Amino acid sequence: MSPTSSSRPAAPRIVVLGSLNMDLVLRVPHAPAAGETLLGRSFATIPGGKGANQAVSCAREGAQVRMIGCVGDDDHGRALRAALERDGIDTEALRTDAAEPTGTALIMVEDSGQNRIVMIAGANAGVDLDAADLRTRLEGAAFLVTQFETPMAQVERAIALAHEAGCKVLLNPSPVQAIAEPLWPKIDTLVVNEIEARTLSGLGADSPQEAAAAGQAMRARGIARVVVTLGARGA
């Protein structure tokens with residue numbers, strides 16, 4: 001018997017704190033050498049940013065998502081806000097900064113699949129959380145999902161408030177940097193790639209066996225769950 005709508009569990013509420021960038025994507029045969037002029041394949045502008053991408057992924061899996069971040073008062077900012085809203089994401093806490101442009105990322109994708117990325121933070125650097133407002137938004141939420149493309153002080157504040165509120169925390173520490181020791185036990189799920197795993201654990205993470213050992217080393221610092229992603233080899 002198929003479940004009725006009344007018997008289905010309610011969609012989880014997820015709060016995402018993170019970056020919003022307009023991705024400027026160039027497809028090229030190969031990365032140009034110093035001084036080389038290269039004829040590219042194509043160019044596209046695509047809504048992105050690690051935070052916005054996390055929010056969209058959660059929404060498309062059926063979650064109720066609130067996005068916290070900052071965009072500029074420009075065409076890119078308006079396009080990013082509209083893209084989130086098309087996926088049903090609550091953008092009430094998405095602030096507009098009149099002084100800074102929306103974040104951008106220049107992404108060069110080679111025919112081999114390798115990519116090279118330069119990010120300009122722009123308005124992302126202006127994220128400034130109000131503790132009382134964030135507590136309200138975290139009440140009843142299943143997860144706070146965040147990464148390191150917004151100011152570290154704000155990420156640390158959000159994680160601490162989520163922990164106090166009984167809201168689980170999923171962190172993708174990218175771009176990778178050190179995690180303050182008091183923060184480790186407040187993180188429920190840490191998602192890292194090989195480079196991030198090596199940096200944070202001090203161990204190799206090139207094979208599944210090494211990745212498992214690195215994950216256990218990070219768990220020993222108080223985290224409940226560590227996922228080490230290995231590209232095409234899974235996680």
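Structure's up top.
Digging into the sheet that holds strand S3 (residues 42–48)
Piece 1. With respect to topology, four strands assemble into an open sheet ordered S3-S2-S6-S7, the strand pairing being mixed. The strands lining the two open edges of the sheet, one partner per strand, are S3 and strand S7 (115–120). Averaged over all neighbouring strand pairs, the angle between strand axes comes to 20°, with direction disregarded.
Piece 2. Relative to S7, strand S6 (residues 103–110) is paired through six bridges, and the arrangement is antiparallel. Bridge pairing links isoleucine 107 to isoleucine 117 in S7.
Piece 3. Against the sheet, helix H2 (residues 75–86) makes contact with strand S2 (21–28), S3 and S6, and its axis sits at roughly 100° relative to S2, the strand it touches most.

Comments concerning the layout of surface pockets
Empty pockets left among the atoms are what a rolling probe the size of a water molecule brings to light.
Piece 1. Counted as a void, the largest pocket has a volume near 860 Å³.
Piece 2. For the largest pocket, the lining is made up of 30 residues, of which Lys50, Ile117, Glu149, Asn172 and Ser174 are closest to its centre.
Piece 3. Elements supplying a minimum of two residues to the lining of the largest pocket: S2, helix H1 (50–60), S6, S7, strand S8 (143–147), strand S9 (168–172), strand S10 (189–192) and helix H5 (194–201).
Piece 4. In terms of residue class, the lining of the largest pocket is made up of 14 nonpolar, twelve polar and four charged.
Piece 5. The computed volume of the second largest pocket comes to approximately 170 Å³.
Piece 6. Lining the second largest pocket are 13 residues, with Ile68, Ala93, Asp128, Leu129 and Asp130 sitting closest to its centre.
Piece 7. If you list the elements that add at least two residues to the lining of the second largest pocket, you get strand S4 (64–72) and helix H3 (131–138).
Piece 8. Classifying every residue of the lining of the second largest pocket by side-chain character gives six nonpolar, two polar and five charged.

Side note on the sheet that holds S8
Backbone hydrogen bonds are what pair the strands of a sheet, in a parallel or an antiparallel way.
Piece 1. Here we have seven strands laid out as an open sheet, ordered S5-S4-S1-S8-S9-S10-S11, and parallel in their pairing. At either margin of the open sheet sits one strand with a lone partner, and together these are strand S5 (94–97) and strand S11 (225–228). Adjacent strand axes in the sheet meet at a mean angle of 15°, parallel and antiparallel pairs treated alike.
Piece 2. Sheet strands in contact with H1 are strand S1 (13–17), S4, S8 and S9, and its direction is about 160° off that of S4.
Piece 3. Contacting S1, S8 and S9, helix H4 (residues 152–165) runs over the sheet at an angle of about 165° to S8.

Considering the pattern of salt bridges
Piece 1. All chains considered together, the criterion is met by eleven salt bridges.
Piece 2. The residue arginine 78 makes a salt bridge to aspartate 73 at a minimum N-O spacing of 3.0 Å.
Piece 3. With a shortest N-O distance of 2.2 Å, glutamate 181 and arginine 221 are connected by a salt bridge. You can see glutamate 181 sitting in the loop between S9 and S10 and its partner arginine 221 sitting in the loop between helix H6 (208–219) and S11, a full 40 residues away along the chain.
Piece 4. Look at glutamate 181 and you get partly exposed, because its relative accessible area is 47%.

Section: the environment of isoleucine 187
Piece 1. Following the sequence through the fold, isoleucine 187 ends up in the loop between S9 and S10.
Piece 2. The exposure class assigned to isoleucine 187 is buried, which follows from its relative accessible area of 1%.
Piece 3. Residues isoleucine 187 and proline 9 lie 178 residues apart in sequence; the distance between their C-alpha atoms is 25 Å.
Piece 4. Excluding anything up to four places from it in sequence, isoleucine 187 contacts Val169, Leu171, Ile179, Gly222, Ile223 and Ala224.

A few points about the side chain of threonine 146
Piece 1. By the secondary structure assignment, threonine 146 is in strand S8.
Piece 2. The class for threonine 146 is buried, based on a relative accessible area of 0%.
Piece 3. At 2.9 Å, the side chain of threonine 146 and the backbone oxygen of leucine 17 are in polar contact.
Piece 4. Those residues within four positions of threonine 146 in sequence are excluded, and the remaining contacts are Leu17, Gln54, Val155, Ile159, Leu170, Leu171 and Asn172.

Conventions adopted
Residues numbered from 1 in each chain as written. Predicted model: local features only at pLDDT ≥ 70, side-chain atom pairs only at ≥ 80, totals over all residues. Heavy atoms only, no water. Pairing = 2+ DSSP bridges. Helix = DSSP H or I, 4+ residues; strand = E, 2+ residues; numbered from the N terminus. Axes fitted to C-alpha atoms, helices over the stretch in contact; angles between N-to-C directions. Contact = heavy atoms within 4.5 Å. 1 Å grid on protein atoms, 1.4 Å probe; cavity = no way out; pocket = protein on both sides within 12 Å on 5 of 7 lines; lining within 4 Å. Points joined across faces, edges and corners; volume = space filled by probe spheres on them. Nonpolar A, V, L, I, M, F, W, Y, C, P; charged D, E, K, R; others polar. Salt bridge = Lys/Arg side-chain N within 4 Å of Asp/Glu carboxyl O. Buried < 20%, exposed > 50% of the residue type's maximum accessible area, 1.4 Å probe, protein only. Polar contact = N/O pair within 3.5 Å; in protein donor to acceptor, adjacent residues only side chain to side chain.

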